[in-house]
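# A closer look at the structure
The lines below spell out each chain.
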Amino acid sequence: MLKGSCHCGAAAWSLTGDPGSVTACNCTLCHRYGALWAYDFEGERINIAGPISSFRRPGKEDPALEILFCPSCAGVLAWRGLRLEEDGRRRMAVNVRLADLEAVGDLPIDHFDGFDTFEDLAPSGKTVRDLWA
């Protein structure tokens, strides 16, 4: 099980099982937050604990997701989809930058162009450890 927590330790996430690769997205939110995302579904392999606040992009009539963060230190924990999948599940992703490097360092990074094309980019072969080195 992977675990991550905000800087002050008040809020945390856990992800059970193999997270697979993580995603670096270049959309305006992810770029600014510097997050690396591991995915699953709310209440399944991902769980959030502690107090959280949420942020939805202003100016969007129908935003697709919200950012979950600690109300004390503002650490970005996760994003949560605002629309349910066809099977009724809610997609989520946790920010693996809040985990210990030893736990996530060897995870491969996928790159996603959330700024322009909304397509996966060519793999770079880098891991989380490469970004923290």
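Note: the structure precedes this text.
First, a word on scope: everything that follows refers to the structure included in this document. In this text the structure is predicted, and so the values were computed from the model without any measurement.

Basis of the calculations
Residues numbered from 1 in each chain as written. Predicted model: local features only at pLDDT ≥ 70, side-chain atom pairs only at ≥ 80, totals over all residues. Heavy atoms only, no water. Helix = DSSP H or I, 4+ residues; strand = E, 2+ residues; numbered from the N terminus. Rg over C-alpha atoms; globule rule 2.2 N^0.38 Å. Buried < 20%, exposed > 50% of the residue type's maximum accessible area, 1.4 Å probe, protein only. Polar contact = N/O pair within 3.5 Å; in protein donor to acceptor, adjacent residues only side chain to side chain. Contact = heavy atoms within 4.5 Å. Salt bridge = Lys/Arg side-chain N within 4 Å of Asp/Glu carboxyl O. Phe/Tyr/Trp six-rings, centres within 6.5 Å; stacked < 30°, edge-to-face > 60°. Lys NZ or Arg CZ within 6 Å of the ring centre and 35° of its normal.

### Focus on the overall build of the protein chain
- A tally of regular secondary structure across the protein chain gives three helices and eleven strands.
- Along the protein chain, from the amino end to the carboxyl end, the secondary structure elements read β-β-β-α-β-β-β-β-β-β-α-β-β-α.
- Taking 2.2 N^0.38 as the reference for a compact globule, 133 residues should give roughly 14 Å; the C-alpha atoms of the protein chain span a radius of gyration of 14 Å, in line with that estimate.
- When its C-alpha atoms are laid out on the principal axes, the protein chain stretches across 35 × 35 × 30 Å.

### Points about the side chain of Glu66
- One can find Glu66 in strand S7 (residues 65–69).
- Glu66 sits in the buried class, given a relative accessible area of 5%.
- Looking at Glu66, its side chain comes within polar contact range of the side chain of Arg56, at 3.3 Å.
- Side-chain polar atoms of Glu66 contact the side chain of Arg80, separated by 2.7 Å.
- Look past the residues within four positions of Glu66 in its chain and what remains in contact with it is Ser54, Phe55, Arg56, Ala78, Trp79, Arg80 and Leu82.

### Let's talk about the pattern of salt bridges
- Taken as a whole and assessed by the stated rule, the structure comprises ten salt bridges.
- The partner of Arg89 in a salt bridge is Asp87, with the nearest N and O atoms 2.8 Å apart.
- Assessed through its relative accessible area of 30%, Arg89 is described here as partly exposed.
- As a salt-bridge pair, Glu102 and Arg129 come within 3.6 Å of each other at their nearest N and O atoms. Of this pair, Glu102 sits in helix H2 (residues 101–104) while Arg129 sits in helix H3 (residues 128–132); the two residues are 27 residues apart in sequence, bridging distant segments of the chain.
- Residue classification places Arg129 among the partly exposed positions, given a relative accessible area of 28%.
- Because the salt bridges share partners, they merge into one network encompassing Glu42, Arg56, Glu66, Arg80 and Arg90.

### Some words on unusual backbone geometry
- A positive phi angle, close to 70°, is found at Ala74, a residue other than glycine.
- Within the secondary structure, Ala74 sits in the loop between S7 and strand S8 (76–81).
- Here Ala74 falls in the partly exposed class, since its relative accessible area comes to 48%.

### Some points on the packing of aromatic side chains
- For the structure on display, the rule yields one aromatic pair.
- Ring geometry for Tyr39 against Trp79: centres 5.9 Å apart, planes inclined by 65°, an arrangement best described as edge-to-face. Of this pair, Tyr39 sits in strand S4 (residues 37–41) while Trp79 sits in strand S8; the two residues are 40 residues apart in sequence, bridging distant segments of the chain.
- Take Trp79: its relative accessible area is 14%, and that puts it in the buried class.
- Looking at Arg89, its charged tip hangs above the ring of Phe41, at a distance of 3.7 Å from the centre.
- The ring of Phe41 has Arg91 sitting right over it, with the charged end atom 5.7 Å from the ring centre.

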